[in-house]
Amino acid sequence: MTIVGFVSLVICAITVVHYYLWRRLVRSTTRPGRTRRVLTLILVGLAVLAPVTLVASRSEWGHFLAWPGFFWIATMFYLLVFLVVLEIPRAVALLVVRGVEHRAERRRVPPGVVARRAKRAARPELAVRSETAVTPASVAVVHPERSLRSVSTARTDRGEAAVGGVVVVPGPGGTPRGGERKDTAGGLSRRLFIARTAAVAAGAGALGTIGFGIRTALGDPVIESVGVVLPRLDPRLNGLRFAVVSDIHLGPLTGTEHTRRIVRMINSLEADVVAVVGDLVDGTVAELGPLARPLKDLESRYGAYFVTGNHEYYTAGGPQEWIEELRELGVRPLGNERVEIAHGGAVLDLAGVNDVGGVASGDGPDFERALGGRDRSRSTVLLAHQPVQAVQAATYGVDLQLSGHTHGGQMVPFNLIVPMQQPVVSGLGEVDGTQVYVTRGAGFWGPPVRVGAPPEITLLEVRNEKLH
């Protein structure tokens, strides 16, 4: 899909979602008038803000839109989720109300009128053109000597309906203009009450979820300790430990402290190898260089390594300027290449391939260059940003692939959608015989919200057999 097609799809989706929100949060909860017009204009403004934020946040001039824009995008999403969930109870409540109103109307209509209505229904030629509810408050007896112009119904000059000797005058229990009923106490209609209750419940649920998600996203990443058995691993490599981190997403909503905290937590693990598997930044070196400088303090026995993610290819300067910047910070990029990790008298191949996002610019993954011609008796660990790259890695006999990209879904229920594109959402999985570990990432993209997928730094230990 081209970038134009993708942008068009996003704008179309945002438009449809905001129309649905307008139907449920504005039209259903207000009567025609000034309040409805004001709320409609506000929602239109927010609908424009969402796509503008997605585009402008990639440019330095648009960074001021990041917080309000991404906060609304998260709110929009969870309002949609909660309103869709509430559709069934809302529909049930409306059915109950409709039944109550129907029974109440039948009790208010005199039995004689009910019989005449049944007769008219059986004889279409006598059917009235407009039915008006008859209630005790809206019935007046016509003088016997007053003639009717029609056997079925006659209209008076005041708008009453004369039915079989009875004049029907819309009373307090009738239906006002606009089709919205009031109850006998003159308060809100039952339908309006249901709509407003659903709107309040959805709003409270969305804001509560987002509040929790912001606290999670901006808090400390979770340390996940994982043991992986590689049957072909040289026993002398048992206990080799990798600190795996991905999707840090340095950008307009993060600061230097975000990077310092991640570096501090990685160093506390005392790992042998640090693997940064893509999506480090969402901007240029000129914009975000200071935020990346704490990476120079990363500590490990055999070094820190980096592979590109798709977001490195979205930056205005491209990935190359960040590759050079990371070299200066002491983090070695693995651009379709491999190195040897010597440990305990044995050797493990550590390889890295570029992200598939580089294909368009001629800088995509080259598995042959990274993995071809090696000694296949050695175990190989591959750094590749996207889990789906394991399909090709498996053909080269890779033992273990370390990936990110998915964020674990970041915001439930996106975790249910990710499997449509990636074979593993988070944690340890297997693709065609190659084990794949997918870390949820230490940062966030877009809204500073994580629900059901807390940020993660992984301490991964490899062995050639399970410990008993």
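This text follows the structure it describes.
A brief structural summary. Owing to the predicted nature of the structure, the values given are computational and were not obtained by experimental measurement.

## Regarding the overall build of the chain
And step 1. When helices and strands are tallied, the chain shows 10 helices and 16 strands.
And step 2. Taken over 468 residues, the chain has a buried fraction of 48%.
And step 3. Pairs at least 24 residues apart make up 73% of the contacts formed inside the chain by residues separated by at least 6 positions.

## Concerning the pairing of strand E11 (residues 346–352)
A regular strand carries its side chains on alternate faces of the sheet.
And step 1. In terms of burial, E11 is a largely internal element, six of the seven residues being buried.
And step 2. As paired elements, strand E10 (residues 337–343) and E11 share seven bridges and run antiparallel to each other. Note that in E11 the partner of His343 across the bridge is Ala346.
And step 3. Between E10 and E11, which pair antiparallel in sequence order, lie two residues; one of them, Gly344, sits at a positive phi of approximately 65°.
And step 4. Pairing geometry for E11 and strand E12 (residues 380–383), over four bridges, is parallel.

## Observations regarding the pattern of salt bridges
And step 1. Taken as a whole and assessed by the stated rule, the structure comprises 14 salt bridges.
And step 2. Here Asp234 makes a salt bridge to Arg236, at a shortest N to O gap of 2.9 Å.
And step 3. With relative accessibility at 24%, the residue Asp234 sits in the partly exposed group.
And step 4. A salt bridge links Arg378 to Glu340; the nearest nitrogen and oxygen atoms lie 2.8 Å apart. Taken together, the positions of Arg378 in the loop between helix H9 (367–371) and E12 and Glu340 in strand E10 put the pair 38 residues apart, joining distant regions of the chain.
And step 5. By relative accessible area, Arg378 is classed as partly exposed at 23%.

## Re the environment of Glu312
And step 1. Mapping Glu312 onto the fold places it in the loop between strand E8 (304–307) and helix H8 (320–328).
And step 2. With relative accessibility at 1%, the residue Glu312 sits in the buried group.
And step 3. It is 8.5 Å that separates the C-alpha atoms of Glu312 and Gly357, two residues lying 45 residues apart in sequence.
And step 4. Excluding its chain neighbours within four sequence positions, the residues that come into contact with Glu312 are Gly278, Asp279, Leu280, Val281, Phe306, Gly318 and Pro319.

## Some remarks on the packing of aromatic side chains
And step 1. Across all of its chains, the model carries four aromatic pairs by this definition.
And step 2. The interplanar angle of 10° and the centroid separation of 4.7 Å between the aromatic rings of Phe77 and Phe414 together place this pair among those described as stacked. Highlighted residues: Phe77 in helix H3 (residues 66–108) and Phe414 in the loop between strand E13 (400–403) and strand E14 (427–431), separated in sequence by 337 residues.
And step 3. The interplanar angle of 20° and the centroid separation of 6.4 Å between the aromatic rings of Phe367 and Tyr396 together place this pair among those described as stacked. Within this pair, whereas Phe367 is found in helix H9, its partner Tyr396 is found in the loop between helix H10 (390–394) and E13, the two being separated by 29 residues in sequence.

## Let's talk about helix H6 (residues 256–268)
Because the α-helix completes a turn every 3.6 residues, residues three or four places apart line up on one side.
And step 1. For H6, built from 13 residues, the straight-helix expectation of 18 Å at 1.5 Å per residue is met to within 8% by its first-to-last C-alpha distance of 19 Å.
And step 2. As for H6, its buried residues are in contact with helix H5 (190–218), strand E5 (222–229), strand E6 (240–245), strand E7 (273–277), helix H7 (285–292) and strand E16 (456–463).
And step 3. Looking at the residues trailing H6, positive phi occurs at Glu270, about 50°.

## Regarding a nonpolar patch on the surface
And step 1. Taken together, the side chains of Phe414, Leu416, Ile417 and Met420 make up a nonpolar region of the molecular surface, amounting to roughly 460 Å² of accessible area.
And step 2. Judged by relative accessible area, Ile417 falls into the partly exposed class, the value being 46%.

## Remarks on the sheet that holds strand E9 (residues 331–333)
And step 1. Overall, mixed pairing links the six strands, which are arranged E5-E16-E6-E7-E8-E9 in an open sheet. Edge positions in the sheet fall to E5 and E9, since each of these pairs with one other strand and no more. Each adjacent strand pair in this sheet contributes to an overall mean axis angle of 25°, direction not counted.
And step 2. Pairing of E6 with E7, which is carried by four bridges, proceeds in the parallel orientation. Counted as the bridge partner of Phe242 is Val273 from E7.

Thresholds applied
- Residues numbered from 1 in each chain as written.
- Predicted model: local features only at pLDDT ≥ 70, side-chain atom pairs only at ≥ 80, totals over all residues.
- Heavy atoms only, no water.
- Helix = DSSP H or I, 4+ residues; strand = E, 2+ residues; numbered from the N terminus.
- Buried < 20%, exposed > 50% of the residue type's maximum accessible area, 1.4 Å probe, protein only.
- Contact = heavy atoms within 4.5 Å.
- Pairing = 2+ DSSP bridges.
- Salt bridge = Lys/Arg side-chain N within 4 Å of Asp/Glu carboxyl O.
- Phe/Tyr/Trp six-rings, centres within 6.5 Å; stacked < 30°, edge-to-face > 60°.
- Expected span 1.5 Å × (residues − 1).
- Patch = residues over 30% accessible without salt bridge, like charges linked within 9 Å, V, L, I, M, F, W, Y side chains within 5 Å.
- Areas by Shrake-Rupley, 256 points an atom, 1.4 Å probe, with all protein chains shown as cover.
- Axes fitted to C-alpha atoms, helices over the stretch in contact; angles between N-to-C directions.

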